[in-house]
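Coordinate inspection notes
Here are the chains, one letter per residue:
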Amino acid sequence: MIKRHPLYFILMLALMLPSLSVFVSCNKNDKDDDDAFTYSTSKQTTLVTGFALQTNNEVLANLDSVHFTIDYDNGLIYNADSLPVGTDISALKVTVNFLNTVKSAIFSITGATSQADTTINYTTSMTQSLDFTGKAVLTVTSADEQSVKDYEVKVLVHKVNPDSLVWPMNWRRDLPGYASGTRSIKVVKQDEMYRALAFDGLNCTLLTATAPNQGEWEKETLSLPFEPMVNTLVASDDALYMLDGDGVLYMSADGIEWASCGVTWHSLLGVYEGRVLGIVSTADGYYHDEYPRPEGFDASPVEEGFPVDHASNMIVTENDWTISQQAIIVGGVDCNGKILSNVWGYDGILWGKVNNAQNSKLPAIADATLFSYFTYRSLAGTRRYGLQPTWFLMGGRLENGDLNSKIYLSSTQGITWKAGNDSTLAQAGHITPFYAAQAFVATETLTTSAASNMPRRVSTLDGKWECPFIYLFGGYNSEDELLPNVWRGVYLRMTNYPVY
């Protein structure tokens, strides 16, 4: 059982911090009788059971840990997880294992860049280097010389960095509900439905879809009894909430019929376990509030350095450190108008500052876009990678008035942050700098045939897997104009067939 702790444990951990994978292998059964194998007699005599590259740190660290798939039926040996961009594969030594003793195992090298067309008998020249930049075929002849099997050997190298976040131009779509004169649009997810409210200053339109990439969204013109502050829209699983121009909180189950909740707030933070969290402004200062108020709730003054407005969207996540879910907001503006670089967490009872200021690269930022996604980490001592939950922060307004164009990442539950690499984890140059956009992560099914153009693919792979895509809706530019875009992004490694 995982021991969980209340939020104060995270706060202590933040102060104390200094400035999947499954290993895939071929396991031979200890039994030598024929029942241990399903192969025919002829297949057993020419079967390759293991293929590996030998250690060569001048080429790549941990080269010997690269996993190779052996596809007997199609006569292929390949590394499904390609080597890094630019890896030199022109002089590699290999280790080959066979099920039974063979007469010969001959590599035929043709069309390579550094090695002339040649044949090399592996069984007598095991230490000779091979050039895999051309075509390499391993021909195995059985000990009785009655069976011969050809394997094409592919040492695959990525053509682009797989640890890049990409936002292709041809994936861009129009923002649902956008038209000339539209002043504001905000998209939220209500249970399994995506809802968007569009407002042109007079009319408000509700748009609904079941997926963020849906072509046409269902549309309905609303007749609202109040002036909607569309950018305050938030959703629980069963209701929508929004403030009007006077700060009155309204609620709707379907986005069509709205009713006053009878409370007036300064700002709205988000939804936690069915309760809306907000800030109340009084003559005595700013206070935390909730709707509906839980039993025994007592409004408390906001903490020093807490954002009373313009924080990022609030996300709610689970982790291994705390008993309850954690609501997280980043940045914002405090009661004195100062833009903040703080990360605040809420566990259902109290708010606490989460990030470690001494080891955090977060700038002071307002109206940023926060979402939970993934990166990969290298597993120690191997050429293998493990999936790593990571928070992403994009967009937002900086202290100097500029819009942020960097991506900030945290794989420590918001305690520490770093800027993404400008060449791999950066906002695409064709995306206009923005603030107050909305981001959603939606999982879609990929197949090897659909992704056959990826540089690491082998045409005979046959499978499907789930890939999470990011959808970035709207936002505003430096002139406070609504941006009419929906951008679709993905971490490239996730579009590769999962190996481990």
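These notes cover the structure that comes with them.

Cut-offs applied
Residues numbered from 1 in each chain as written. Predicted model: local features only at pLDDT ≥ 70, side-chain atom pairs only at ≥ 80, totals over all residues. Heavy atoms only, no water. Buried < 20%, exposed > 50% of the residue type's maximum accessible area, 1.4 Å probe, protein only. Helix = DSSP H or I, 4+ residues; strand = E, 2+ residues; numbered from the N terminus. Pairing = 2+ DSSP bridges. Salt bridge = Lys/Arg side-chain N within 4 Å of Asp/Glu carboxyl O. Axes fitted to C-alpha atoms, helices over the stretch in contact; angles between N-to-C directions.

A word on the pairing of strand S8 (residues 148-154). On S8, burial follows the alternation: Lys149, Tyr151 and Val153 on one face are buried, whereas Val148, Asp150, Glu152 and Lys154 on the facing-out side are not. In this sheet, S8 lies alongside strand S3 (residues 76-78) in parallel orientation, the contact comprising three bridges. Looking at the pairing, tyrosine 78 lines up with lysine 154 of S8. Here strand S7 (residues 135-142) pairs with S8 via six bridges, running antiparallel. Bridge pairing in S8 places leucine 138 opposite tyrosine 151. From the end of S7 to the start of S8, which pair antiparallel, there are five residues, and glutamate 145 there has a positive phi angle of about 65°.

Next up on the list: unusual backbone geometry. Residue proline 292 is bonded to the preceding tyrosine 291 through a cis peptide linkage, with omega at -10°. Along the chain, proline 292 falls in the loop between strand S21 (285-291) and strand S22 (315-317). Despite not being glycine, asparagine 62 has its phi angle at roughly 60°, a positive value. Positionally, asparagine 62 belongs in the loop between strand S1 (48-53) and strand S2 (69-71). Given the relative accessible area of 27%, asparagine 62 is considered partly exposed.

On to the pattern of salt bridges, then. Evaluated as defined, the whole model comprises 11 salt bridges. Measuring nitrogen to oxygen at the nearest pair gives 2.8 Å for the salt bridge that ties aspartate 289 to arginine 293. Residue aspartate 289 is classed as buried on the basis of its relative accessible area of 6%. In this structure, the salt-bridge partner of lysine 406 is aspartate 422, at a minimum N-O distance of 3.4 Å. Of this pair, lysine 406 sits in the loop between strand S29 (397-398) and strand S30 (408-410) while aspartate 422 sits in the loop between strand S31 (418-419) and strand S32 (438-447), and the two are 16 residues apart along the sequence. Residue classification places lysine 406 among the partly exposed positions, given a relative accessible area of 34%. Judged by relative accessible area, aspartate 422 falls into the exposed class, the value being 58%. Within this structure, Asp81, Asp163 and Arg493 form a network of salt bridges that share partners.

Now for the sheet that holds S7. Taken together, six strands build an open sheet; the order of strands is S2-S3-S8-S7-S5-S6 and the sheet is mixed. What marks the edges here is a single partner per strand, and that holds for S2 and strand S6 (118-121). Averaged over neighbouring strand pairs, the angle between their axes works out to 20° when direction is ignored. The pairing of strand S5 (residues 102-110) with S6 spans four bridges and is classified as antiparallel. Among the inter-strand pairings, isoleucine 109 is bridged to a residue of S6, identified as threonine 118.

Before going further, it helps to spend a moment on the pairing of strand S18 (residues 259-264). By the bridge criterion, three bridges tie strand S17 (residues 248-252) to S18 in an arrangement that is antiparallel. Note that in S18 the partner of tyrosine 250 across the bridge is serine 260. The antiparallel pairing of S17 with S18 creates a hairpin that spans six residues between the two strands, and glycine 255 there sits at a positive phi of about 85°.

Read these as spatial facts, not as claims about activity.
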